Amino acid sequence: MSFWQQIKDQFRTNDSSGDEQPSGPPCFWQVDMHSHLLPGIDDGVQTPEQALLCLEQLQGWGIQKVITTPHVSRDYYPNTTETLLKGQDRLQNLVIEHNLPLTVEVAAEYMLDDFFPDLIANNDLLSFGAERYVLFETGFEANSLGLETVIFRLQTKGYTPVLAHPERYAYFHKHRDMLPRLREMGCLFQLNWLSVTGLYGERVKKQARLMLEQKSIDFVGSDLHGPSLSGRFQGVFSAPDFALFAQQPLRNASLLTDVGWPVG
Ligand SMILES: [Fe+2]
């Protein structure tokens, strides 16, 4: 048995320990647009084998297209558009080599730091979809200074801002009026699948439910960092709030046929 086969069998064994398999592919939204599957460039997968396992899992859940989004930040992950696009070539080759029925693209998850306004000003962002969606995140505890300014700057440059996992930020839990205000400005919201399981805590789960009840989720994303979390993902599809995904104005599936936008 090859080394690769041994790794796959190990994860499949772990996967099936007590988890019920869904009867059909649960990911009706078809496109996953938040994950960390470029090996070794952020806190996501570290090897091509791990990337392949993740892609196989996503495909098994019904995902047909993966737009993976490595972290970009000045301090921790100073990835550039050039290095990310090289990674895209390698990931696409991996998919072809292993005959996976998936298409893959690379965008990014940008940290709202001092560096981000420069990237916006220089049109140096990896967006996705015809609407030029740009996925970005902020720090988790304090309100990011300039959040509304950055949203406005993105829009004036022709991008559509998408805030990654808004349910996870503590300051939005305390200031309930802020998220509706951002959405009114035209900022879209991406919910992490795992938030409905309570993985990030009860407050995040509660915030996720509130946003789902308000039907204010534009994208759902796995935020998959590695295959070791796979057992937890089975819990998403059996979570009571998973049923609310079908009631959202989700745009994921529109990305299946979108040709994207040239870089710059
Ligand atoms: Fe992420």
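### Overview of the packing of helix H2 (residues 48–60) against helix H3 (residues 81–97)
One can describe the packing of H2 onto H3 by two numbers: an axis separation of 11 Å at closest approach and a directional angle of 65°. H2 and H3 meet at a crossing whose hand is right-handed. Mapping the contact onto sequence places Pro-48, Ala-51, Leu-52 and Leu-55 in H2 and Leu-91, Leu-94 and Val-95 in H3. For the contact of H2 with H3, the class distribution of residues is 7 nonpolar, no polar and no charged.

### Points about helix H8 (residues 202–213)
Helix length check: H8 (12 residues) gives 16 Å between terminal C-alpha atoms against 16 Å at 1.5 Å per residue, within 8%. When we look at burial in H8, the residues that qualify are Val-204, Gln-207, Ala-208, Met-211 and Leu-212. When H8 is viewed along its axis, its buried side chains cluster within an angular range of 135° and face the same direction. Along H8, exposed side chains directed more than 90 degrees from the buried face belong to Glu-202 and Glu-213. Residues of H8 that are buried make contact with helix H6 (170–174) and strand S8 (188–192). Within two residues after H8, Lys-215 carries a phi angle of roughly 55°, on the positive side.

### Details of the nonpolar core
Proteins that are soluble and globular tend to have nonpolar side chains buried together. Formed by 60 residues in total, the largest nonpolar core has its most connected members in Leu-37, Cys-54, Tyr-110, Val-134 and Leu-135. At 6 residues, the largest contribution of residues to this core is made by H2. Those residues in contact with Val-134, other than ones at most four positions away along the chain, are Tyr-110, Leu-125, Ser-127, Leu-154, Tyr-159, Thr-160, Pro-161 and Val-162.

### Thoughts on the confidence of the model for the protein chain
Here the protein chain averages 89 in pLDDT, while 86% of its residues score no lower than 70. Long-range and interchain partners of residues 6–22, a stretch whose pLDDT sits below 50, account for 13 contacts in this model, where long-range means more than four residues apart.

### Points about the sheet that holds strand S2 (residues 65–68)
Hydrogen bonds between backbone groups are what pair the strands of a sheet, and the pairing can be parallel or antiparallel. One open sheet accounts for 3 strands, arranged S1-S2-S4; its pairing is parallel. Looking at which strands have only one partner, the edges of the open sheet turn out to be strand S1 (31–32) and strand S4 (103–106). Note that S2 and S4 share 4 bridges and pair parallel. Among the inter-strand pairings, Val-66 is bridged to a residue of S4, identified as Val-104.

The rules behind each value
Residues numbered from 1 in each chain as written. Predicted model: local features only at pLDDT ≥ 70, side-chain atom pairs only at ≥ 80, totals over all residues. Axes fitted to C-alpha atoms, helices over the stretch in contact; angles between N-to-C directions. Helix = DSSP H or I, 4+ residues; strand = E, 2+ residues; numbered from the N terminus. Left-handed = near helix turned anticlockwise from the far one by under 90°. Contact = placed C-beta atoms within 7 Å. Nonpolar A, V, L, I, M, F, W, Y, C, P; charged D, E, K, R; others polar. Expected span 1.5 Å × (residues − 1). Buried ≥ 20, exposed ≤ 12 C-beta atoms within 10 Å, placed from the backbone. Arc of directions from axis to C-beta. Core = buried A, V, L, I, M, F, W, Y, C linked by C-beta atoms within 7 Å. pLDDT = per-residue confidence, 0-100. Pairing = 2+ DSSP bridges.

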